[in-house]
Structures are given as structure tokens and as C-alpha cells.
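Each chain, written out:
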Amino acid sequence: MANRPELLAPPEIFYDETEARKYTSSSRIVDIQAKLSERALELLALPEDGVPRFLLDIGCGSGLSGETISENGHHWLGLDISASMLNVAVEREVEGDLLLGDMGQGLGLRPGVIDGAISISAVQWLCNADKSSHEPRLRLKAFFGSLYRCLSRGARAVFQVYPENIKQRELILRQALQAGFGGGLVVDYPHSTKKRKEFLVLTCGSVQTSIQTGKNEHDEGCSEDDSSEDEESGMVSMSDRNRPKKRQKPNKEGKSREWMLRKKEQSRRKGNDVPADSKYTGRKRKSRF
């Protein structure tokens, strides 16, 4: 895992001018970004009514994923913490608007103005404390909370993530659910070590869990080396997570006299000081004296 960029330096430092140009000029990375962005838009499940939507590209970098959004006929706003990456995007004359900012400090957008959001390989950066003031849980809380507010009701957000371990995956999921989102984790090619991709698909507002199928090795005629005999269908591995319901307080009404006497007796056996029983024990009080 030593080659993971988030373990080497903060994103605004790692993606300097040299690394930003190297990243954007790699044909391999451009192809991977295009495929991941297409898949993210597919999971976004925007209405096919020909109306352009206003999307947010979080961690937009040099605008590679934004180009895919433009090719699909939508408008977009890109956010990134690396000024060098955004400078390359300006030189490439991308069609979207660009914003320099740290998603861990919140997005600062007006409520309900975004129709959907995608992010390619960016959210896992928030799991690292690059400064003494950084607390991953609080940064994820600020990010998901501000994202929830700026999305329109019923809109989706799709994040392609590379969590380093299960702990990071659970931290990201937990903070998303606590912010009010519903949704789950979609895993493409779950049995392939090379092509496995994880997408966190969240819904703002009412939740309709309709994500059931995804890609497997047989969709693109892949070789037998990457496939597993355990794959029986095209179902993706998905953790269906909805916002946990608040625990209801037990209803104290309707407690009978026998129940109260039994509880008092149990308390006496434990050595507790319990008032003596009387004819008033268990009697329901009137609403007014």
C-alpha cells in the first residue's frame, strides 16, 4: 500500500504542477477516469428526459471526469483542493465551473441547488489526518452534512472510493448515514483483484433501494484468470444501508398492578429499598386532582 498517494502527502502538496501534468497526460489514467465517470453517471440514475442537470464533481482534478459529464449533456461545478490541478483544467478549457476548496471543511453551496454529485477516488483522502487540527470523523461529518444540504430532495450522490481497510469503509458509511443519507455500497467485479471497484451510492431524502445488479466479469468477455467460480450471476456485492431508525421509548401506559408488584418484589430481592405495598400501588392517577 506504499504507492497510495494519500499516504505520501496531502493532496494539495502531492498534486503539484509536475504531478498534475503527469496525471493528465497519462492515456491510461484518462481512460480509467472516463470509464469510472461513465459508471458513476449510470449509478446516478438521472431522468432520461433530455433536460440538462446541474451536477457537482467533487475532487474534479484537471476536469477528466467533468468532460464525461459534459459529453452526457449536463452542466457541472468542479471542486478540488489542488490549485495545480485546477490550473491544468483551465488550460484544457473544460466546460464546467471550477472552485478551489477543501471538501473536509464543507462545501458552502446554497441549499437544494445541486441535482446530483459524483466523485472519483477522492473521499478516502478525508480519512487521513494531514494536519494536527484534522480529525477524519469531523471532516467527513462536515463534508456529508454540507453535501446533503446542497442536494435537491431525492437526488443521488455516487462516490467511487478506494478505502484502505474495513475501518475506513465503515467510517465513511457511518458518517454518510448520520448526515441523513440512505443508500449502500455497490461493488463491481467483486471477485476480481484487478477490476474490483467500489461505489458508494447515496440518496438524499426518500430512499428507494433499486440498485440490484451491476457488472461482472462476463459482461465484457474477460479472461478466465480474473473471474471466480463463485460468481453465479451478475449481482454485485451490495451493502444495503438505510438511515437507522431512532429507538422508540417503551410505552409506560397500561402497566398492571400485578406487573408493578412483581417488579417491586424483584427489586427487594436485590437488596434495594422499596416502598411497602398498599391499596394505592398500581392505581392510575387521574389527569387532574
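Fair warning: this is a prediction, and the values are worked out from it, not measured in the lab.

Caption draft 1: Representation of the overall build of the protein chain in the model. Helix and strand counts for the protein chain stand at 8 helices and 8 strands. The contacts in the protein chain between residues at least 6 apart in sequence include a share of 65% that link residues at least 24 apart. Taken as a whole, the protein chain presents about 17,500 Å² of accessible surface, with 48% of it coming from carbon and sulfur.

Caption draft 2: Broad picture of the pattern of salt bridges. In this structure the tally under the stated criterion is 14 salt bridges. Across the salt bridge formed by Arg21 and Glu17, the nearest N and O atoms sit 3.6 Å from each other. With Arg21 and Glu17 both in helix α2 (residues 17-25) and 4 residues apart, this pair spans about one turn of that helix. Residue Arg21 is classed as partly exposed on the basis of its relative accessible area, which comes to 36%. Put simply, Arg268 and Asp277 hold a salt bridge, and the shortest N to O gap is 3.0 Å. The class of Arg268 is partly exposed, set by a relative accessible area of 28%. Note on Asp277: relative accessible area 40%, which makes it partly exposed.

Caption draft 3: Quick peek at the nonpolar core. Core analysis: the biggest nonpolar cluster contains 33 residues, and Phe143, Phe144, Leu147, Leu151 and Phe159 have the highest contact counts within it. The set of elements that each furnish at least two residues to this core consists of β1 (54-58), β2 (75-80), β4 (114-120), α6 (136-150), β5 (151-161), α7 (166-178), β6 (182-188) and β7 (197-203). The element best represented in this core is α6, accounting for 6 residues. When neighbours within four sequence positions are excluded, Phe159 is seen to be in contact with Ile58, Ser119, Val123, Phe143, Phe144, Leu147, Glu198, Phe199, Leu200 and Leu202. Counting 19 residues, the second largest nonpolar core, distinct from the first, contains Leu43, Leu55, Ile118 and Val158.

Caption draft 4: Region of the structure containing helix α5 (residues 83-91). Every buried residue belonging to α5 is among Met85, Leu86, Val88 and Ala89, and all of these are buried. Mapping the buried residues of α5 onto a view down its axis gives an arc of 155°, with all of them on the same face. Residues of α5 that are buried in the fold lie against α2, β2 and β3 (97-100). Looking one or two residues past α5, Glu93 carries a phi angle of roughly 55°, positive in sign.

Caption draft 5: How the structure looks around the environment of Val90. With respect to the helices and strands, Val90 occurs in helix α5. Residue class for Val90 comes out exposed when judged on its relative accessible area of 56%. In sequence terms Val90 and Gly63 are 27 residues apart; their C-alpha atoms lie 8.7 Å from each other.

Caption draft 6: Broad picture of the packing of α2 against α5. It is at 8 Å that the axes of α2 and α5 come closest, and there the two elements cross at 50°. Considered as vectors, α2 and α5 are oriented oblique to each other. Relative to α5, the crossing made by α2 is right-handed. Along its contact with α2, which presents Glu17, Ala20, Arg21, Tyr23 and Thr24, the element α5 presents Ser84, Met85, Val88 and Glu91. Taken together, the residues that form the contact of α2 with α5 break down as 4 nonpolar, 2 polar and 3 charged.

Caption draft 7: Spatial organisation of the confidence of the model for the protein chain. Overall, the prediction assigns the protein chain a mean pLDDT of 81, with 80% of residues at 70 or greater. Mean pLDDT per element in the protein chain: strand β8 (residues 237-241) is the minimum at 44, and β1 is the maximum at 95. When the criterion is pLDDT under 50, residues 208-213 qualifies, and its contacts beyond four places in sequence or with other chains add up to 15 contacts. Across residues 222-243 the pLDDT falls below 50, and counting only partners more than four positions away or on other chains, this stretch makes 50 contacts in the model.

Caption draft 8: Broad picture of the pairing of β1. With 4 of 5 residues buried, β1 is to be regarded as a mostly interior element. One ladder, built from 5 bridges, connects β1 with β2; its direction is parallel. Considered in β2, the bridge of Leu56 is made with Leu77. The β-α-β motif built from β1, the intervening helix α4 (residues 64-71) and the parallel element β2 has right-handed crossover chirality. Bridge analysis of β1 against β4 gives 4 bridges, and the strand direction is parallel. Opposite Asp57, over in β4, you have Ile118 as the bridge partner.

About the thresholds
- Residues numbered from 1 in each chain as written.
- Predicted model: local features only at pLDDT ≥ 70, side-chain atom pairs only at ≥ 80, totals over all residues.
- Heavy atoms only, no water.
- Helix = DSSP H or I, 4+ residues; strand = E, 2+ residues; numbered from the N terminus.
- Contact = heavy atoms within 4.5 Å.
- Areas by Shrake-Rupley, 256 points an atom, 1.4 Å probe, with all protein chains shown as cover.
- Salt bridge = Lys/Arg side-chain N within 4 Å of Asp/Glu carboxyl O.
- Buried < 20%, exposed > 50% of the residue type's maximum accessible area, 1.4 Å probe, protein only.
- Core = buried A, V, L, I, M, F, W, Y, C linked by side-chain atoms within 4.5 Å.
- Arc of directions from axis to C-beta.
- Axes fitted to C-alpha atoms, helices over the stretch in contact; angles between N-to-C directions.
- Parallel < 35°, antiparallel > 145°, perpendicular 65-115°, else oblique.
- Left-handed = near helix turned anticlockwise from the far one by under 90°.
- Nonpolar A, V, L, I, M, F, W, Y, C, P; charged D, E, K, R; others polar.
- pLDDT = per-residue confidence, 0-100.
- Pairing = 2+ DSSP bridges.
- Right-handed = clockwise from strand over helix to strand, strands pointing away.

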